[in-house]
Amino acid sequence: MTVTPPLPHHPVAVVGGGLGGLTLARVLHVHGIAAAVFELDASPAARTQGGMLDIHDDSGQRALRAAGLHEEFLRRVHPGGQAVRVLDRHGAVRLSEPDDGTGGRPEIDRGDLRDLLLGSLPEGTVRWGAKVTGARPLGGGRHEVTLADGTAFTTDVLVGADGAWSRVRPLVSGARPAYTGVSFVEADLARADSRHPVSARVVGGGMLFALDAGRGFLAHREGDGVLHVYAAVVTAEDWLDGIDFTDTETAKAAVLKEFDGWDESLRALVADADGPLVPRLIHALPVGHRWDRVPGVTLLGDAAHLMSPFAGEGANLALADGADLGLALAAHPADTETALSVYEACMFARAEWAAAESARSGDLLFRADAPQGLLDLFAGQDA
C-alpha cells in the first residue's frame, strides 16, 4: 500500500512579494507569527522595481511604524522629492512649489522600499520563483495552492497580494479590472542633469505635470538622477496595439504625434528618452469593490482594489492593508475569521474612498481646461 505524504503546510501563506505582501509578513514577524511569501520573480533582482513613491503620513508611514521600519525609511527618502511643477502644453509654468521639508509625503524609490522590507524578514520567508497557478478550498477555511512547478501546499490563511490579475481573487470575487480610458507610455532619461539639462530643468526636483485636454506628460526625478516619464493619452484601448515598440524611434514618433503642437521642451521628454519605451494600459477594479466573507482567504493591495495612479494611493494602500491585516491576525490569534472580518471592514471603506478619489483625479487632470483642474485642486478649491 502506497501512502501519499501530506502536502507542506503553512499557517499563513501570502501570494505575492510586493510591498503589501512583504509588509504583512514583516508585521506578523514583529508579533512572532511566521508567514510564507510566494513570489513568481526568480530573485529580488529579477526586474527593475522602478519609480518614486510618495509615502503618506496617515497610511503608508503608519504601516511602516507598525512594521518597526519608519526611522530607516526616513533615512532612505529622496530630499527635495516633494517639489511639484505644473505646466501647460506651451511650457508655461502655472505652478511651482519647492520641497521645504514640511510635507507629509516624502518620496522614496520603490526598489529601496522593497529592499528595506525584504531585509527585515527572516531568511527563507520569501520563496522566489514560486508562481501560483491556482487555489481551491478544502473546507474549514483551509486551502490547497498549486504552483507552476507542479508542487502544492496547504494553508489556514491564504492572502492574495498578487496584483491586478490576481490568481487568488476568483476565490472571493468575480470582478476583473477594466480599462480606464487612459494609456501610458513610459520613458527614462538617464543622468539628466548632465545629459538632458533642459529636461532636468523642466521636471525640476520632484514631480512634473504638463497637461492639456486628454493628454499629458507626468514625470518625476528619481534619486539616481533619472527622469521617469509617463506620456498619458486618453484614447481607445487598442491604441498601443498599433505602435511597434520593438522599434524605439518609430514608437517615439507615434507617441509624439499625439503631442503635435506642444512645446519642444516637453516633447523632448519622449524624443530624447534613453532605451526602449514601455506601453502600459491603466486598468481599475470597480470603485467600492468588495466581497462577502469567505473563510480562510482575503486580498490586499491591487488584488483587492486596483485603481488608477492619479491620487498616488496604490502603494500606500498596499502598505496599510499589509499592516492592518497583520495587526488583526496578531490581535485574534485563535479566531482567524474575526481577524479577517475586522481587516476587511477597514480595508473596504478605505479603498472605496481612495478609488473614488483616483477616478476623480484622473478626470480633472485631463479635462477640457487642463491644467486648470489640477491648479484648483492645489489651491484647495473644489475642482
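Residues numbered from 1 in each chain as written. Predicted model: local features only at pLDDT ≥ 70, side-chain atom pairs only at ≥ 80, totals over all residues. Heavy atoms only, no water.

A. Representation of the sheet that holds strand S14 (residues 227–234) within the structure. Taken together, seven strands build an open sheet; the order of strands is S5-S4-S12-S13-S14-S11-S15 and the sheet is mixed. Single-partner strands in this sheet number two, and they are strand S5 (93–97) and strand S15 (274–284). On average, each strand axis in the sheet is tilted by 15° relative to the strand beside it, whichever way the strands run. Pairing between strand S11 (residues 178–189) and S15: seven bridges, direction antiparallel. The residue of S15 that forms the bridge with Ala178 is Ala284. Those strands touched by helix H7 (residues 248–257) are S11, S14 and S15, and its axis lies near 50° from that of S15. (Pairing = 2+ DSSP bridges. Helix = DSSP H or I, 4+ residues; strand = E, 2+ residues; numbered from the N terminus. Axes fitted to C-alpha atoms, helices over the stretch in contact; angles between N-to-C directions. Contact = heavy atoms within 4.5 Å.)

B. Structural context of the pattern of salt bridges. Under the counting rule described, the total for this entry stands at 22 salt bridges. Its salt-bridge partner being Asp324, residue Arg62 comes within 3.0 Å of it at the nearest N-O pair. Of this pair, Arg62 sits in helix H2 (residues 60–66) while Asp324 sits in helix H10 (residues 314–331); the two residues are 262 residues apart in sequence, bridging distant segments of the chain. A residue is classified by how much of its surface remains accessible, and Asp324, at 13% relative accessible area, is buried. In this structure, a network of salt bridges that share partners links the residues Arg62, Asp321, Asp324 and Arg350. (Salt bridge = Lys/Arg side-chain N within 4 Å of Asp/Glu carboxyl O. Buried < 20%, exposed > 50% of the residue type's maximum accessible area, 1.4 Å probe, protein only.)

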